[in-house]
Amino acid sequence: VQLQAYGGGLVQAGGSLRLSCAASGRTFRRYVMGWFRQAPGKEREFVAGINWSGGSTYYADSVKGRFTILRDNAENTVDLQMNSLKPEDTAVYYCAARNSPVVAGQYDYWGQGTEVTVSS
């Protein structure tokens, strides 16, 4: 599966941004999908994950209550709605796919990143 992430940009603290990831291939619904981010000088970290049906979602503690991950299996997309953004959310965001029913673990496919900058 090939992944294309977009929607990043510059936003003020407290604002919102919606990232989208478009996936190729007819087997999209088989994959667990996740969003990760990497801030300057830091390691990449898990942000949110969603199972194949969209019925189960998982979030890093740092974004819980502010971010929402959604998927549309008919459109082969997974979005990350980010609200109440903070400067510490500044990072390059990546979408990823995992060929497993379990959200946790190593992801198999990665899109290119989309940059999010939150100004204070």
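Conventions used here
- Counting starts from 1 at the beginning of each chain's written sequence and moves along it residue by residue.
- With pLDDT at 70 or above as the cut-off, local features in this predicted model cover only qualifying residues; side-chain atom pairs require 80 or more to be listed or tallied, and sums for whole chains, interfaces and linings still use all residues.
- To obtain the side-chain values, all non-hydrogen atoms of the structure were used and water was disregarded.
- For this analysis, a ring pair means two rings from Phe, Tyr or Trp (six-membered ring only for Trp) whose centres lie within 6.5 Å, classed as stacked if their planes differ by under 30 degrees, edge-to-face if by over 60, and tilted for the remaining angles.
- For the purposes of this entry, the term helix denotes a DSSP run of H or I that reaches at least four residues, the term strand denotes a run of E that reaches at least two, and both are numbered from the N terminus.
- The rule is simple: take the accessible area with a 1.4 Å probe, protein chains only, and divide by the maximum for that residue type; under 20% is buried, over 50% is exposed, in between is partly exposed.
- For two strands to count as paired, DSSP must find a minimum of two bridges between them.
- An axis is simply a line fitted to the C-alpha atoms; with a helix, the fit covers only the stretch in contact. Between two such axes, the angle follows the N-to-C directions and lies from 0 to 180 degrees.

Focus on the packing of aromatic side chains
Logical step 1: Counted under the stated rule, the structure contains five aromatic pairs.
Logical step 2: With a centroid separation of 5.6 Å and an interplanar angle of 80 degrees, the aromatic rings of Phe 36 and Phe 46 are classed as edge-to-face. Residue Phe 36 is located in strand E4 (residues 32–38), and its partner Phe 46 is located in strand E5 (residues 45–50); the two are separated by ten residues in the primary sequence.
Logical step 3: Its relative accessible area of 28% is what places Phe 46 among the partly exposed residues.

Details of the sheet that holds strand E1 (residues 3–6)
Logical step 1: Ordered by their spatial adjacency, four strands build an open sheet running E1-E3-E8-E7, and the pairing between neighbours is antiparallel. Either end of the sheet is taken by a strand with one partner, and the two such strands are E1 and strand E7 (67–72). Averaged over all pairs of adjacent strands, the angle between strand axes in this sheet comes to 15 degrees, irrespective of strand direction.
Logical step 2: Judged from the four bridges that link them, E1 and strand E3 (residues 17–23) form a sheet pairing that is antiparallel. Within E3, the position partnered with Ala 5 by the bridge is Cys 21.

A closer look at the pairing of strand E8 (residues 77–82)
On a regular strand, each side chain points to the face opposite its neighbour's, so the side chains alternate between the two faces of the sheet.
Logical step 1: A large share of E8 lies buried, amounting to six of its six residues.
Logical step 2: Where E3 meets E8, six bridges bridge the pair, whose relative direction is antiparallel. The residue bridging Leu 19 from the neighbouring strand is Leu 80, located in E8.
Logical step 3: Pairing analysis gives six bridges linking E7 to E8, with the strands arranged antiparallel. Its bridge partner being in E8, Leu 70 is matched across the sheet by Asp 79.
Logical step 4: Remark: four residues form the turn of the hairpin made by E7 and E8, two consecutive strands paired antiparallel; Asn 76 in that turn has positive phi of roughly 60 degrees.

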